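Given next are the chains, with one letter for each unit.
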Amino acid sequence: MTDGAAAGPPPIRHNDHSPLVPPALGAWEPSLPVSVVIPARGGQHRLDLALAALAAQSYPAHLMEVIVVDDGSDPPLRLPEIAPPGARIEPAAPGGWGIAHAVNTGAARAGGEIVQRLDSDMVVCREHIEALARWHHLAGYVVAIGAKRFVEEPVLSPGEVHDAVRAGSLGEVFDLSAAQASSTEQTIARTNGLRTSRNPYHVCTGPTVSLRREVFHAVGGFDPAVLRGEDTEFAYRLAAHGVVFVPDMDAQAVHLGIPAQRLDRERAVRTVAPYLAQRVPLRRDLRKDPGRQWLVPYVEIVFRLGEDPDPGRVRAAVGAALSGSLPDVVVTLVAPWSKLAEGRPGPDDPLFDLRLLREHFAHDRRVRLADEGDGITAADGVTAGGGVAGVTGVAGVTATPAPIPFRYTGPVSAPLGRDSLERMIAAMQDDRSGMLVVDLGEDGPATLVRTEALGRALLLGAADVTASIEATHGVRHGARADFWPAKDRKDQKAQKTESAGKPGKPEKTAQGAQGARAAQATRAEKAVQPEAAAQPGRAARPEKAAKTAETAQTDKAAEAGKAAKTGQAASGGARPSARVPGRAASAAARRRNWRSLLRSTLRSD
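If you're wondering where the values come from, they're calculated on a predicted model, not measured in any experiment.

A full pass over the atoms with the stated rule returns 5 aromatic pairs. Pairing F216 with F222 gives two aromatic rings, centres 6.1 Å apart and planes at 45 degrees, and the pair type is tilted. No difference in accessibility class separates F216 from F222, as the two residues are buried. Ring geometry for F216 and F234: centres 5.4 Å apart, planes at 55 degrees, overall tilted. With F216 in helix α6 (residues 213-218) and F234 in helix α7 (residues 230-241), the pair connects residues that are 18 residues apart, well separated along the chain. What makes F234 buried here is its relative accessible area of 4%. Each residue in the set F216, F222 and F234 is aromatic and connected to the rest through ring pairs, giving one cluster. Here R284 stacks its cationic end above the ring of Y298, 3.8 Å away from the centre of that ring. Here the guanidinium or amino end of R292 rests over the ring plane of W294, the centre of that ring lying 4.2 Å away.

Take the sheet that holds strand β1 (residues 34-40) next. Pairing in this open sheet of 7 strands is mixed, and the strands run β3-β2-β1-β4-β9-β6-β10 from one edge to the other. The open sheet has two edge strands with one neighbour each: β3 (87-91) and β10 (244-248). Taken pair by pair, the neighbouring strands of this sheet meet at an average axis angle of 25 degrees, ignoring direction. Its contacts with the sheet place helix α1 (residues 44-54) against β1, β2 (64-70) and β4 (114-118), and it is angled at close to 170 degrees to β2. Here helix α3 (residues 128-136) sits on the sheet in contact with β1, β2, β4, β6 (142-146), β9 (208-212) and β10, set at roughly 160 degrees to β6.

Along the chain, D70 turns up in strand β2. Buried within the structure, D70 lacks any salt-bridge partner; its nearest side chain of opposite charge belongs to R41, at an N-O separation of 6.4 Å.

Counting buried positions along β2 gives 7 out of 7 residues, so the element sits mostly inside the fold. Across the two faces of β2 the burial is the same, with M64, V66, V68 and D70 and E65, I67 and V69 all buried. Pairing between β1 and β2: 7 bridges, direction parallel. Residue A40 lies in a different strand from β2, and its bridge partner there is D70. Note that the unit made of β1, α1 and β2 has a crossover that is right-handed. Across 5 bridges, the pairing between β2 and β3 is parallel. Looking across to β3, one finds that V66 is bridged to A87.

About the cut-offs
Residues numbered from 1 in each chain as written. Predicted model: local features only at pLDDT ≥ 70, side-chain atom pairs only at ≥ 80, totals over all residues. Heavy atoms only, no water. Phe/Tyr/Trp six-rings, centres within 6.5 Å; stacked < 30°, edge-to-face > 60°. Buried < 20%, exposed > 50% of the residue type's maximum accessible area, 1.4 Å probe, protein only. Helix = DSSP H or I, 4+ residues; strand = E, 2+ residues; numbered from the N terminus. Lys NZ or Arg CZ within 6 Å of the ring centre and 35° of its normal. Pairing = 2+ DSSP bridges. Axes fitted to C-alpha atoms, helices over the stretch in contact; angles between N-to-C directions. Contact = heavy atoms within 4.5 Å. Lys, Arg positive; Asp, Glu negative; His and termini not counted. Salt bridge = Lys/Arg side-chain N within 4 Å of Asp/Glu carboxyl O. Right-handed = clockwise from strand over helix to strand, strands pointing away.

Interpretation note: all reported values are geometric properties and have no functional meaning in isolation.
In structure tokens, the structure reads:
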């Protein structure tokens, strides 16, 4: 993304945009066309003032167009006498309404390489457009944010505003000493111009923001379903895309009137909360309701299955992922799903288990099926993108999981511990690293990637994604013991022992039960004549011998029943037999019988 920009700037670490040094205002030659998009509904007089200020900009007129999108005004908005040469009014596209819909309409009709989103009640200073546009001449992945102050609207004419802006002094027509500063500017100052901000998207609240048009469309534009907080939600998706947020205090502006959120802050916060809770997973403070599922998950968990997966392992790995301490996750299963023919399978279907797994998970909304041709790699979690045509229930894997903020990629042979993801995310949040690589020994590596770091690497066109993430966010390494609790590691080791067919405790228990039954039978036989055994040469009394024999037979039956139960428990509920060597063999036999039955069913008409 270098068109119209200087040759590659050094990598920007997190949001520290210090390597980008903009030219002085008025001392450079712009080349990128700008489209100013103004959503508006009513408020003709304020719009007249805004357009009068835009008509006096220092940015070259031949490189600037202004699109006012009328969001159903009654009467319709009109173009005033004082307006930029490239200004026009466009009706909002049919089928929608609201600020987000209006901005999307304007961006879709924009011809400029830079989209400048501006409110219709904003009066900007003479260098406003120039100040923000200069950043986009340096790098294509910058989102530039203008400054604003709130003023009570005075009685002014468009001509007075135009003359004051052209003279370079908003203070001539507005009492800036009485203006209320924006709360976002306090955050900007506290974080050294957002250089040290962990979540700089918070201050990108919309009244004046500019970005490359291709970046606007790459993240999908504004979400028309977000009726409140649409600017914050859009900025969050920009952050996940990997952009750098740059505030420019030279891009001054006044906002006509006091915003509603300042008049009733509690109501404003309540109104925005449900929209952000559904769509901005990083707002953990808004996701405290137990048992909830949200529109945008917190983590995508990716497992590669191959052509011949072990169904038991896959189900165990998915179950562990969905039952962990982080409930808002989604699982993506990568396999050659496109190879599964939709017609009648043959009796010796080589993808038999894969077919069954597809049916097992196809109807679970928290599980996605992605074709392995889309190319997720365990090393970095990057894919080539694209979908799988003509495969029912199979979605394509995107290059990044955006707007999901994290992607975990790991082997099914190492199911996640209950709090493994939480531990991994906490480690990454501690040092703000972009990737965590965990050595799982013989199971191979597991990675957790921060989506914004992955997005930055793709924006930079990095050939080596991991190296790019190391340069912009950092790569952290860890051991299994750091993130998998000891109990989970022990359980996984036991599962591997069973699936390998090695004798373990269950087999020993079954053998012990058989030995116990033999010993009990011997004791019962001896107990038939206990007194004779105790006193040789003395005959037992007939009635006592009969009673003793009856008691022994009863005890023998009870002991045999108890031993049978013990054997059943030891062999997973199956009747113990000397021909069954262990649980793994029993499971294999049941699987063969199950598959044979299903195959015969598939062959029948």
